[in-house]
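The primary structure of each chain is shown beneath.
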Amino acid sequence: MHRLTSSIFKTAWFLSLMASVCAHSIPAAKAAYPIPQNFSQAVVAADHVLASQAGLEVMKKGGNAFDAAVATSLVLAVVRNQSTGIGGGGFMVLRTAEGQEKVFDYREVAPQAASRDMFLDKSGQPVPNLSTVGYLAAGVPGLLAGLDTLHKRYGTRPLAELMQPAIDIAEQGFAADAHFVNGSNMLAARGVRDDLKALYFNQGQPYKLGEIVRNPALAATLRLIAREGVKSFYSGEIAAKIAAAMQANGGLISRNDLASYKPREHSPLRGSYRGYEILTMPPPSSGGVALLTMLNILEPYALGWNATGHNSSAYMHLVTESMKHAFADRAEYLGDPEFVKVPVAQLTSKAYAHALQPQIQQAMVQTLARERYGLNGLSAVSAPKISYTPDDHGTTHYSIIDKAGNVVTATETVNTLFGSQVVIPGTGIVMNNQMDDFSKSPGVPNAFGLIGNEANSIAPGKKPLSSMTPTIVLKNKQPVLALGASGGPRIITGTLQTLLNVVDFGMDVEAAVSAPRFHHQWMPEMLFIEKDMPFDVRSALMAKGHQLAMGEAENVVQAVMNRDGQLTGASDPRKGGKPAGY
Ligand code: GLY
């Protein structure tokens, strides 16, 4: 780690003083977003109203937030099967009312037959689509194992009862909404596997808005699990079907892979920001590490309405620079900690953020060459140039607080839209394509345009690097905010900006989630901004050396807040969800 110069200390001291003066004396935002409804007992924010309602009903009947999480997650597995499902996995951060903090990692693992170069051709080039579509793309699913562990540890209601809403909706159907319809149209335009088409298209055509989508095979699968337990998925009838389909179609997941799947349990990764405690997701997600790196970089600066203003060019430029450092380290150092040594303590330390301040200061004039970012930027190691593929609408997130003060926040996914598009015959299960989150070859981008190196190479039993960032924020040891997002790498920057909106700009949860966002992931060298950012802001950012791309935010945040006992929740309007509370 570089030594700090005394002038940097002075700058940091001055900025820190400014931060403490300004950040907490700022009036709450007066933005044109709906006022969030206040609840006194419990609130759920999911990206589909049926999922929020399912969680709410559980809590109204006396279940706790963890019971609600099971019901919410499984309803999402039905109504948002383009984003999540029992063929996928996820990460969860929770805090009990008694103050116990826990992380469940139920991310997919690479099957035992997986190998480092399995997606490369003889000349070492990635075979197009092999890691994204079809049987080889699937990792061993963890969703049900994760929910089962949560339920066994913290649940109070019978599992079968918590599964019933999902079973009913899969059986009776749900109305196709804009996200489902748009996703299906997107797939139709680029080509859909026949098995997915048979399951989720209407006589070969994408469903139209409001048409009823049913998955009775999934209802039967869920009913079997409700009756026999999650073991039927990992070692019983369903495991046999998955393994047989894999074997018949060149996939790798075996009965043994399924039987040996175990969720991992950790303590959350901890950090702090302006007196708030941050509990977030450790590796194999890069999300928590990157979030803390960015917050540590930003902490010495006065952000807020009367300082930088919100989404001014000065604010966006500074926050963008923090993103570039965090994503440079993501590409270089992050991977599954059971397989590689990840310098988590260093990357999340305040000292590291201080050591980066000379780069930040230089970049205030003009953004820097890509070699200058992250830990390697301190010694200028070169970086490759890559192209960008836009996000693909996979992944879901929900956040829940109950009346006792239990909090749970989870991000779950089949990776990109409808995962691998593989449907296991006779089950209604759509398999993930999480294998694409490994780096197939150093410097070769995945579906999100992210690059990685050996730290994230494929190995049997290893978990692919993720961006999922479920996060709980505490003030005076009490949870005040629980949040997270979907949107591939934009999960990290969406979560960051929502947190800054609350802490530095005093926004309510609805405004914090809805406000326009931006994203930089270091490579490609492109600043993505949501399309309604003003022209003068864009011009000023370009003058700082940023190449801009305008479009949709492509990240979707779900957050719940506790302000002095008033509970509020926001489901990002970008995906059409709705919170529910009482
Ligand atoms: N599959 C997206 C992520 O885990 O970040």
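Residues numbered from 1 in each chain as written. Predicted model: local features only at pLDDT ≥ 70, side-chain atom pairs only at ≥ 80, totals over all residues. Heavy atoms only, no water.

Colleague: How should I be thinking about the overall build of the protein in this particular structure?
Modeller: Along its length, the protein carries 20 helices and 20 strands. Its C-alpha radius of gyration of 22 Å places the protein within 12% of the 25 Å reference for a compact globule of 582 residues. Based on the C-alpha atoms only, the size of the protein along its principal axes is roughly 65 × 60 × 40 Å. Taken over 582 residues, the protein has a buried fraction of 63%. For the protein, the exposed surface amounts to about 20,100 Å²; the carbon and sulfur share of it is 54%. (Helix = DSSP H or I, 4+ residues; strand = E, 2+ residues; numbered from the N terminus. Rg over C-alpha atoms; globule rule 2.2 N^0.38 Å. Buried < 20%, exposed > 50% of the residue type's maximum accessible area, 1.4 Å probe, protein only. Areas by Shrake-Rupley, 256 points an atom, 1.4 Å probe, with all protein chains shown as cover.)

Colleague: Where do I start with the site of the ligand in this structure?
Modeller: The immediate surroundings of the ligand are formed by Arg107, Asn415, Gln434, Asp437, Ser466, Ser467 and Met468. For the ligand, a nitrogen atom lies 2.6 Å from a polar atom in the side chain of Asp437. Between the ligand and the protein, one listed contact pairs an oxygen atom with a backbone N or O atom of Ser467 at 2.7 Å. In the complex, the protein chains occlude 99% of the 190 Å² of accessible area that the ligand would expose alone. The cavity that encloses the ligand is the largest cavity. When its residues are assigned to classes, the shell around the ligand shows one nonpolar, four polar and two charged. (Near = heavy atom within 4 Å. Polar contact = N/O pair within 3.5 Å; in protein donor to acceptor, adjacent residues only side chain to side chain. 1 Å grid on protein atoms, 1.4 Å probe; cavity = no way out; pocket = protein on both sides within 12 Å on 5 of 7 lines; lining within 4 Å. Sits in = over half its atoms within 2 Å of the grid points. Nonpolar A, V, L, I, M, F, W, Y, C, P; charged D, E, K, R; others polar.)

Colleague: Sorry, what's going on with the pattern of salt bridges here?
Modeller: A side chain of one charge can pair with a side chain of the opposite charge when the charged atoms of the two come close. As enumerated under the stated definition, the model contains 30 salt bridges in all. With a closest N to O distance of 2.5 Å, Arg153 and Glu265 form a salt bridge. Placement of Arg153 in helix H4 (residues 143-154) and of Glu265 in strand E6 (residues 264-266) is noted, with a sequence separation of 112 residues between them. For Glu530, the salt bridge goes to Arg574, with nearest N and O atoms at 2.9 Å. Taken together, the residues span a long stretch of sequence, with Glu530 in strand E16 (residues 527-530) and Arg574 in the loop between strand E19 (566-571) and strand E20 (580-581) at a distance of 44 residues. What makes Glu530 buried here is its relative accessible area of 10%. Overlapping salt bridges, with partners in common, bring together Arg95, Glu101, Arg270, Glu277 and Lys477 in one network. (Salt bridge = Lys/Arg side-chain N within 4 Å of Asp/Glu carboxyl O.)

Colleague: How do you make sense of the nonpolar core when you look at a structure like this?
Modeller: Counting 88 residues, the largest nonpolar core has Tyr273, Leu295, Leu496, Leu499, Leu500 and Phe518 as the members making the most contacts within it. For this core, the element with the highest residue contribution is helix H13 (residues 313-333), accounting for nine residues. In this structure Phe518 touches Asn311, Tyr315, Met316, Val319, Thr320, Met323, Thr493, Gln497, Leu527, Phe528, Ile529 and Met533, once residues within four positions along its chain are discounted. Core analysis: the next-biggest nonpolar cluster, separate from the first, contains 81 residues, Ala71, Val79, Ala166 and Ile238 among them. (Core = buried A, V, L, I, M, F, W, Y, C linked by side-chain atoms within 4.5 Å. Contact = heavy atoms within 4.5 Å.)

Colleague: I tried to follow the pairing of strand E2 (residues 89-95) on my own but got confused; where do I start?
Modeller: On a regular strand, each side chain points to the face opposite its neighbour's, so the side chains alternate between the two faces of the sheet. Summarising burial for E2: seven of the seven residues are buried, a large majority. Every second residue of E2 is oriented toward a common face, with Gly89, Phe91, Val93 and Arg95 on one face and Gly90, Met92 and Leu94 on the other, all of them buried. Here E2 runs beside strand E10 (residues 407-413); their pairing, made up of seven bridges, is antiparallel. Its bridge partner lying in E10, Met92 is registered against Ala410. Taken together, E2 and the strand that follows it, strand E3 (residues 101-106), pair antiparallel across an intervening segment of five residues, in which Gly99 is found at a positive phi of about 95 degrees. (Pairing = 2+ DSSP bridges.)

Colleague: In this structure, what is going on with the side chain of His546? I would like to understand it.
Modeller: Topologically, His546 is positioned in the loop between helix H20 (535-543) and strand E17 (548-551). Of the polar contacts made by the side chain of His546, one reaches the side chain of His317; its length is 2.8 Å.

Colleague: Just checking my understanding: could you explain the sheet that holds strand E15 (residues 518-519) for this structure?
Modeller: Two modes of strand pairing occur in sheets, parallel and antiparallel, and in both the strands are linked by backbone hydrogen bonds. The sheet built from three strands is open, its strands ordered E15-E16-E17 with mixed pairing. The open sheet has two edge strands, E15 and E17, and neither has a second partner. Note: E16 against E17, four bridges, orientation parallel. From the neighbouring strand, Phe528 faces E17, where its bridge partner is Ala549. In the packing of H20 onto the sheet, contacts are made with E16 and E17, and the angle to E17 comes to roughly 150 degrees. (Axes fitted to C-alpha atoms, helices over the stretch in contact; angles between N-to-C directions.)

Colleague: It is not clear to me how unusual backbone geometry should be interpreted in this structure. Could you clarify?
Modeller: Residues other than glycine predominantly adopt negative phi, and peptide bonds predominantly adopt the trans conformation. A cis geometry characterises the amide bond from Pro283 onward to Pro284, with omega recorded as 20 degrees. By the element assignment, Pro284 lies in the loop between strand E8 (276-280) and helix H12 (287-298). In the segment running from Met523 into Pro524, the intervening peptide bond is cis, with an omega of 0 degrees. Relative to the assigned elements, Pro524 resides in the loop between E15 and E16. A positive phi is found at Trp522, a non-glycine position, where the angle reads about 70 degrees. Take Trp522: it is sitting in the loop between E15 and E16. The class of Trp522 is buried, set by a relative accessible area of 8%. Positive phi values are uncommon outside glycine, yet Glu554 reaches one of about 60 degrees. On the secondary structure map, Glu554 appears in the loop between E17 and strand E18 (556-563).

Colleague: Looking at this structure, how should I read the packing of H12 against H13?
Modeller: When two helices pack together, their arrangement is captured by the angle between the axes and the distance separating the axes. Relative orientation of the contacting elements H12 and H13 amounts to 140 degrees, with a least axis distance of 9 Å. Between H12 and H13, the crossing angle belongs to the class labelled oblique. When you trace H12 past H13, the crossing you get is right-handed. Taken together, the residues of H13 that come into contact with H12 (itself represented by Ala290, Thr293, Met294, Ile297 and Leu298) are Leu318, Val319, Ser322, Met323, His325 and Ala326. Classifying every residue of the contact of H12 with H13 gives eight nonpolar, three polar and no charged. (Parallel < 35°, antiparallel > 145°, perpendicular 65-115°, else oblique. Left-handed = near helix turned anticlockwise from the far one by under 90°.)

Colleague: I would appreciate a short explanation of the packing of helix H5 (residues 159-172) against helix H8 (residues 216-228) in the present structure.
Modeller: Interhelical geometry of H5 versus H8 gives an angle of 165 degrees and a closest axis separation of 8 Å. When the axis of H5 is compared with that of H8, the two are roughly antiparallel. Considering only the axes of H5 and H8, their crossing is left-handed. Counted together, Ala160, Met163, Ala166, Ile167, Ala170 and Glu171 of H5 and Pro216, Ala219, Leu222, Arg223, Ile225 and Ala226 of H8 form the full contact between these two elements. Among the residues forming the contact of H5 with H8, the class breakdown is 10 nonpolar, no polar and two charged.

Colleague: Mind showing me how you'd approach the environment of Leu499 here?
Modeller: The topology assignment puts Leu499 in helix H18 (residues 490-503). Judged by relative accessible area, Leu499 falls into the buried class, the value being 0%. Contacts of Leu499, omitting those with residues within four sequence positions, involve Tyr273, Ile278, Leu291, Leu295, Val473, Leu481 and Leu483.

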